[in-house]
Amino acid sequence: MKQQIDAYLNHLAVERGLSGNTIMAYRNDLYALQQHMDSRGRSDWPRVTTDDLADFALALQEKGYSETTRARKTAAVRSFFAFLVDDRVIDDSPAVELSAPKIGRSLPNALTEDEVVRLLDAPMAVDTPESRRDKAMLELLYATGMRVSELVSLKVSDANLSGGFVRCIGKGNKERLIPFHEQAMDALEFYIDEGRDSFLSNNSKEQALFLNRRGEQLTRQGFWLILKEYARKANISSPVTPHTLRHSFATHMLRGGASLRQVQEFLGHASIASTQIYTHLTDDHLREQFEEAHPRGR
């Protein structure tokens, strides 16, 4: 059974170009499914029935998984069994009628413009190679709306300071060029010229743009810890995650007059439907402006 799972994961990586993080999530979901089927005496996939999958879904609920997580796992199961049908391992998918929990659309959390300013200024309370790096990372993330995984994967050669844009490799190994403003450019240039070499050992050939104290590529987890500390120093009470700056970028761009298509391109969304969630935030902003301006709205 594991052989078919591994073949499916290889299909996701090679033919569909999904990211390593997505494939890892699918692997965990499907290995859990296999273990559940083993416990029910199912030794191969053709023996799995709709009732078996319904029992698996019930087990997920009893274990306390959130609706979002259960919906993702259900999607993984459906997709896997569709693959087995296409690969002629089974004739029909027992997952066709497997229902996923309905989840409401959750609006992204965005910082106010004042909170963003306080956050971006927080690293400059001191002047060290770390603070120069952190200032450059925060400025670049907010200026471009990149995912944190894209940010930490940048190489020095990906930043074009003379042109004012960064080359970013996103989901599905798709490349996009994202412009950034002068403040981000100044912070990035200052870090490259006056900070990055401090992290490198002699003769190091590390090409990653943002480095940790060992002179290695900074990880997503490392960035998250850095961000949490600056959010605390900036006295931001709402939760701040690496995705918060991405949400803030999209929201503030739309409020500033950028089109939905432009923001879609910057964010690297394959479908504009993913970008449309931000219109709810801008609609709220317009209503606030209306109620402030209209005599009967005050």
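Quick word on a negative patch on the surface
At step 1: Taken together, the side chains of E182, D186, E189, D193, E194 and D197 make up a negatively charged region of the molecular surface.
At step 2: Positionally, D197 belongs in the loop between α8 (182-194) and α9 (220-233).
At step 3: Owing to a relative accessible area of 54%, D197 belongs among the exposed residues under this scheme.

Details of the packing of aromatic side chains
How two aromatic rings sit relative to each other is set out by the distance from centre to centre and by the angle between their planes.
At step 1: Summed over all chains, the structure comprises eight aromatic pairs.
At step 2: An angle of 55 degrees between the planes, with centres 5.3 Å apart, marks the rings of Y8 and F83 as tilted. Placement of Y8 in helix α1 (residues 2-14) and of F83 in helix α4 (residues 67-86) is noted, with a sequence separation of 75 residues between them.
At step 3: Taking relative accessible area as the criterion, F83 reaches 14% and is therefore assigned buried.
At step 4: On the basis of an interplanar angle of 25 degrees and a centroid distance of 5.5 Å, the ring pair of Y191 and F210 is categorised as stacked. Of the two residues, Y191 sits in helix α8 while F210 sits in the loop between α8 and α9, which places them 19 residues apart along the sequence.
At step 5: The exposure class of Y191 is buried, given its relative accessible area of 0%.

Remarks on the side chain of D52
At step 1: Along the chain, D52 falls in helix α3 (residues 50-62).
At step 2: Side chain to side chain, D52 and R40 meet in a polar contact 2.8 Å long.
At step 3: Within the structure, D52 has its side chain in polar contact with the side chain of R42 (distance 2.6 Å).

Quick word on the nonpolar core
At step 1: Residues M146, L151, L188, Y191, F210 and F223 are the most contacted members of the largest nonpolar core, which totals 48 residues.
At step 2: Sorting the residues of this core by element identifies α5 (113-121), α6 (129-144), α7 (148-152), β2 (165-169), α8, α9, α10 (242-255) and α11 (260-267) as the ones contributing at least two each.
At step 3: It is α6 that contributes the most residues to this core, seven residues altogether.
At step 4: The residues contacting Y191, other than those within four sequence positions of it, are R132, R133, A136, R196, F199, L209, F210 and L211.

Some remarks on α4
At step 1: For α4, spanning 20 residues, the distance from its first C-alpha to its last is 29 Å, which sits close to the expected 28 Å at 1.5 Å a residue.
At step 2: Three or more residues of α4 are buried, namely R70, A71, K73, T74, A76, V77, F80, F81, F83 and L84.
At step 3: Those residues of α4 that are buried are in contact with α1, α2 (20-39) and α3.

With respect to the packing of α6 against α9
Pairs of packed helices are described in terms of their axes, by the angle between the two and the distance that separates them.
At step 1: Contact geometry for α6 and α9: axes closest at 11 Å, N-to-C directions at 90 degrees. Relative to α9, the element α6 lies roughly perpendicular. Facing S131, R133, D134, M137, L138 and L141 of α6, the residues of α9 in contact are F223, I226, L227 and Y230.
At step 2: For the contact of α6 with α9, the per-class residue count stands at seven nonpolar, one polar and two charged.

What counts, and at which threshold
Residues numbered from 1 in each chain as written. Predicted model: local features only at pLDDT ≥ 70, side-chain atom pairs only at ≥ 80, totals over all residues. Heavy atoms only, no water. Patch = residues over 30% accessible without salt bridge, like charges linked within 9 Å, V, L, I, M, F, W, Y side chains within 5 Å. Areas by Shrake-Rupley, 256 points an atom, 1.4 Å probe, with all protein chains shown as cover. Salt bridge = Lys/Arg side-chain N within 4 Å of Asp/Glu carboxyl O. Lys, Arg positive; Asp, Glu negative; His and termini not counted. Charge placed at Lys NZ, Arg CZ, Asp CG, Glu CD. Helix = DSSP H or I, 4+ residues; strand = E, 2+ residues; numbered from the N terminus. Buried < 20%, exposed > 50% of the residue type's maximum accessible area, 1.4 Å probe, protein only. Phe/Tyr/Trp six-rings, centres within 6.5 Å; stacked < 30°, edge-to-face > 60°. Polar contact = N/O pair within 3.5 Å; in protein donor to acceptor, adjacent residues only side chain to side chain. Core = buried A, V, L, I, M, F, W, Y, C linked by side-chain atoms within 4.5 Å. Contact = heavy atoms within 4.5 Å. Expected span 1.5 Å × (residues − 1). Axes fitted to C-alpha atoms, helices over the stretch in contact; angles between N-to-C directions. Parallel < 35°, antiparallel > 145°, perpendicular 65-115°, else oblique. Nonpolar A, V, L, I, M, F, W, Y, C, P; charged D, E, K, R; others polar.

Honestly, it's all geometry; don't read function into it.
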